[in-house]
Amino acid sequence: MKLQFLAGVVALGLAGLAHADGFVNGNFETGTTAGWTIGGGDRSSTNNAGMLPAQFLPGGSLNQDNGSRGAVIDASYVDPNLGSLLGSTVYSGNYAYRAEDTTNGGLATVVSQKVSNYTDANIYFAWKAVLENGGHVEDESALMMLTLTDDTTGQLLINRTYNAGFTGGGVDSRFATSGDLFYTPTWQVEKLTIDQSLSGHSFTLSLLAADCEPTGHTGYAYLDGFGSVSPPVPEPSTYGMMLAGLGLLGYMARRKKSA
């Protein structure tokens, strides 16, 4: 009887592990949005304070389309508004996702994924944003909202919400400026440590990117690397330092040979 009981406990434990979900296409490496839920719609009659990502997903009150203005991009993609100022548009691997298009229109796009019964040690993801300052008050300006929610408890664990209000109060030190654009020149890597109080919970990551409410200014954001491991990815400045170092070593070797 005792052996049967122990066998049952082991079986239940293995069953629990078997049902734990992982990330599906978290780096968009299939070149598609498989594993993600996408949606979008018109935000021209909704202030920033009244917007949440879920409203633009299928079934939401502001959902009008399948988010077709967003796109999976590859490493050759150059941001059309900032070019090299924005740096790389892919954080790791060969692909990333751009939420919303790069022009104006008073529209919004959301990308979202849920993982259930999560037991790995960490959750990572990385983002960049471009928000055009059109001289509007913060509640009407281009917006990004990135949230990681504990669905088991309903707690909002990570919230990165920024807007392009004319006072500059809607952004922080993560952002640089070029003309009327607020943008993040480096990838912003987020990490959530899954301690004992969070292990086995379900989590949802959602990214909303929206043009300004009066429709004349753009807002969009890039997302990559939703997973349990954060790969070390040098920014362009790091690559430059590495190349400079290699060049110096080569020069010293040639000089030594000549001597």
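All figures in this text were calculated on a predicted structure; none of them were measured in a lab.

What counts, and at which threshold
- Residues numbered from 1 in each chain as written.
- Predicted model: local features only at pLDDT ≥ 70, side-chain atom pairs only at ≥ 80, totals over all residues.
- Heavy atoms only, no water.
- Pairing = 2+ DSSP bridges.
- Helix = DSSP H or I, 4+ residues; strand = E, 2+ residues; numbered from the N terminus.
- Axes fitted to C-alpha atoms, helices over the stretch in contact; angles between N-to-C directions.
- Buried < 20%, exposed > 50% of the residue type's maximum accessible area, 1.4 Å probe, protein only.
- Polar contact = N/O pair within 3.5 Å; in protein donor to acceptor, adjacent residues only side chain to side chain.
- Lys, Arg positive; Asp, Glu negative; His and termini not counted.
- Salt bridge = Lys/Arg side-chain N within 4 Å of Asp/Glu carboxyl O.
- Contact = heavy atoms within 4.5 Å.
- pLDDT = per-residue confidence, 0-100.
- Phe/Tyr/Trp six-rings, centres within 6.5 Å; stacked < 30°, edge-to-face > 60°.

Caption draft 1: A look at the sheet that holds strand E4 (residues 107-118). If you walk across this open sheet you meet the 5 strands as E1-E4-E11-E6-E7, and the pairing is antiparallel. Each edge of the open sheet carries a strand with a single partner, namely strand E1 (37-42) and strand E7 (155-163). Strand-to-strand twist of the sheet, defined as the mean angle between neighbouring strand axes without regard to direction, takes the value 10°.

Caption draft 2: Representation of the pairing of strand E6 (residues 143-150). For E6, the tally of buried residues reaches 7 of 8 residues, placing the bulk of the element in the interior. Where E6 meets E7, 8 bridges bridge the pair, whose relative direction is antiparallel. Within E7, the residue paired with Asp150 across the bridge is Gln155. Once E6 ends, the chain turns through 4 residues before running back antiparallel as E7, passing Gly154 with a positive phi of about 80°. Where E6 lies against strand E11 (residues 201-210), 8 bridges are found, and the strand directions are antiparallel. Residue pairing across strands places Met144 opposite Ala209, the latter belonging to E11.

Caption draft 3: Broad picture of the environment of Thr153. Here Thr153 shows up in the loop between E6 and E7. C-alpha of Thr153 to C-alpha of Phe203: the two residues are 50 residues apart in sequence and 9.6 Å apart in space. A polar contact of 3.3 Å, which involves the side chain of Thr153, links it to the side chain of Asp150. Side-chain polar atoms of Thr153 contact the backbone nitrogen of Gln155, separated by 3.3 Å.

Caption draft 4: Representation of the side chain of Asp101. Inspection of the secondary structure assignment puts Asp101 in the loop between strand E3 (95-99) and E4. No salt bridge is formed by the buried Asp101. Its closest oppositely charged neighbour is Arg69, at 4.7 Å. There is a polar contact of 3.4 Å between the side chain of Asp101 and the backbone nitrogen of Thr103. Sequence-distant contacts of Asp101, that is, excluding residues within four places in its chain, are made with Arg69, Thr218, Gly219 and Tyr220.

Caption draft 5: Main features of the confidence of the model for the protein chain. Considering every residue of the protein chain, the mean pLDDT works out to 87; 82% of them sit at 70 or more. The low-confidence segment residues 1-19, where pLDDT is below 50, has 2 contacts with residues more than four positions distant or belonging to other chains. This stretch, residues 237-259, has a pLDDT under 50; its non-local contacts, to residues over four places away or in other chains, come to 1 contact.

Caption draft 6: Highlighting the environment of Ser68. Mapping Ser68 onto the fold places it in the loop between E1 and strand E2 (71-74). A relative accessible area of 58% places Ser68 in the exposed class. Separated by 28 residues in sequence, Ser68 and Gly40 have C-alpha atoms that sit 7.8 Å apart.

Caption draft 7: Just the packing of aromatic side chains, in detail. Under the criterion given, the structure shown has 12 aromatic pairs. Here Tyr118 and Phe203 contribute two aromatic rings whose centre-to-centre distance is 6.2 Å and whose plane-to-plane angle is 90°, an arrangement assigned as edge-to-face. On the criterion of sequence distance, the pair formed by Tyr118 in strand E4 and Phe203 in strand E11 is long-range, its members being 85 residues apart. Ring pairing ties together the aromatic residues Phe23, Phe28, Trp36, Tyr97, Tyr118, Phe203 and Phe226, which thus form one cluster.

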